[in-house]
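# Examination of the molecular architecture
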Amino acid sequence: MLCTDIRKESMVNIIKTPSRFKNRIGKFAVHRSERCTSCGKCVTVCPYSVFVKAGDKMLRPKSYLCSGLKCAESEKGCVKNCPAGALSVAVNPNYKVLGDYRWTPDLIVSTWYQAETGELPYMEIESDSGNSGGGLDRIRIKARPKESIDPKKVDMRINLNKRNDGRPSLIIDMPIYGGGMSFGSISESTMIGRAKNAAAWNTLTCTGEGGYPEALHPYDNHVITQVATGLFGVREETIQRVRMVEFKYAQGAKPGLGGHLLGDKVTEAVARMRESVKGNPLFSPFPFHSVYSIEDHKKHVDWIKHINPKTLVSTKVSTPTDVEMVAVGSYYAGAHVIHIDGSYGGTGAAPEIAKKNIAMPIDYAINKTHRFLTQEGIRDKITLIASGGLRTAHDIFKAIALGADGVVIGTSEMVALECLRCKNCESGRGCARGIATTDPLLGVMFSVDWAFQRMYNLYASFDKQLRKLVAAAGCSSVTEVVGRTELLLHLDYENNENKDKDG
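Criteria and cut-off values
Residues numbered from 1 in each chain as written. Predicted model: local features only at pLDDT ≥ 70, side-chain atom pairs only at ≥ 80, totals over all residues. Heavy atoms only, no water. pLDDT = per-residue confidence, 0-100. Contact = heavy atoms within 4.5 Å. Buried < 20%, exposed > 50% of the residue type's maximum accessible area, 1.4 Å probe, protein only. Helix = DSSP H or I, 4+ residues; strand = E, 2+ residues; numbered from the N terminus. Pairing = 2+ DSSP bridges. Right-handed = clockwise from strand over helix to strand, strands pointing away. Core = buried A, V, L, I, M, F, W, Y, C linked by side-chain atoms within 4.5 Å. Expected span 1.5 Å × (residues − 1).

### What about the confidence of the model for the chain?
- Per-residue pLDDT for the chain has a mean of 90; in total, 94% of the residues score no lower than 70.
- Counting interchain partners and residues more than four positions distant, the pLDDT-below-50 stretch residues 1-10 has 19 contacts.

Now the structure itself:
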């Protein structure tokens, strides 16, 4: 099988994959004053190679490698050991303007580091949670005193076909796959890098609704064809190529708003793929005007199953207040996977007001859906996938403990490619860093191999962290964690309990 061969080729070890930019942004800035005598003492005391001496000359400090203020100002640190008192360390002012409360500067820099090295950063950085003051940022994972299970032996696989309906099983090797991002919204290098990464980890990635570029063909076994309201690039051939087809009814970041690809991003290649006209803006309407009931949805599912008798069907919906009813309806319509997409996900193309005010946060939606499917007696017959603002391995563990079988990530993959979260994805030529763009000059700012390795390293870091968390929970497989809310602690409830005790 071609895709099996590709996976073998891609089963590389973590390879350090540095930033593509000369001036890298780190959390800390190391300053050297004119008092420096180039004695080289700092080179000997710094364990992180921040300082380099070339001949008699000290090179510019590599500030992005600095571990932080505590190290620098410790008795063994560079600041106190500089004979001339020429060194100082402070928080980088450029770092302070990155991101927002959900994607904090710490999380962005941490994700960059994991994408470069496959490891968590050693710096003074918060890598587990954001600072939004709500949602998953208010939930903690309860610490266990000992790890009784070897993390390397934890079974991370999940089966996406629980229906036993005669269709093939689809087992992926980790409870994570890539969300829909269309050709047009992202560059081809980004898209192919994602597919190559999915093949390497024996998981999946989704085309989004922009069609199925020929460059994806070698990765067919690891690609999901998305059928969305615009039907851009949807053909029988693209449905027949894949092992799973996703109906996208809504997106958690902008439910009820559909999609809009600016004319500047509709290049000749994008127009050909979407069977449109170069330079013309494209709109994805909301909703599917052929679907107003579960019966209508079933017709869609039956259509896909008829076109491809071996494929599974996933239904992606937003998180309205009755999301659990939608999930049950989708099961009875014949779907194998119900994919619920909460608010706070999406790229910079999604309006902030929509992200914050329309859909239900995913932490509420997961457990509500999981419990209702259980009460209806069908939880073990459908796979529940969650997405919408999941940023870290801790977020993924929390989502599974709340009741999801697995998760979908998208923004984390883009940050791995050095996205700044500047939210200009939908402006003019698109992303100035070449990630979310189809501009021929911007789209070649990095290679497919570089994108693949960065995402591979990030997944490796997530995999390592998740294994430790699952093992620490006393579980030998990730499926044992599903719905185990006792493994979590909500800070609001903890505070209330403490107040009750005090009272």
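Once the structure has been displayed, the description carries forward.
### Regarding the pairing of strand E14 (residues 312-317)
- Burial analysis of E14 places six of its six residues in the buried class, the great majority of the element.
- Side-chain alternation along E14 places Leu312, Ser314 and Lys316 on one buried face and Val313, Thr315 and Val317 on a second face that is also buried.
- Pairing geometry for strand E11 (residues 244-248) and E14, over five bridges, is parallel. Each residue of the ladder has a partner; that of phenylalanine 247, found in E14, is threonine 315.
- Each parallel crossover has a hand, and for E14 linked through helix H11 (residues 323-333) to strand E15 (residues 337-341) it is right-handed.

### Considering the nonpolar core
- Judged by nonpolar contacts, the single largest core of 121 residues is most densely connected at Leu160, Ile176, Tyr177, Met244, Ile340 and Phe397.
- The biggest single contributor to this core is helix H16 (residues 448-472), with 13 residues.
- Once you skip the residues sitting within four places of it in the chain, isoleucine 176 turns out to touch Thr203, Ile396, Val407, Ile409, Tyr459, Phe462 and Leu466.

### Considering helix H13 (residues 362-375)
- Under the 1.5 Å per step criterion, the end-to-end length of H13 is 20 Å for 14 residues, consistent within 8% with the ideal 20 Å.
- Within H13, the full set of buried residues consists of Ile362, Asp363, Ala365, Ile366, Asn367, Thr369, His370, Phe372 and Leu373.
- Of the surrounding secondary structure, the elements contacted by the buried residues of H13 are strand E5 (139-141), H11, E15, strand E16 (383-387) and helix H14 (393-402).
- Looking one or two residues past H13, glycine 377 carries a phi angle of roughly 75 degrees, positive in sign.

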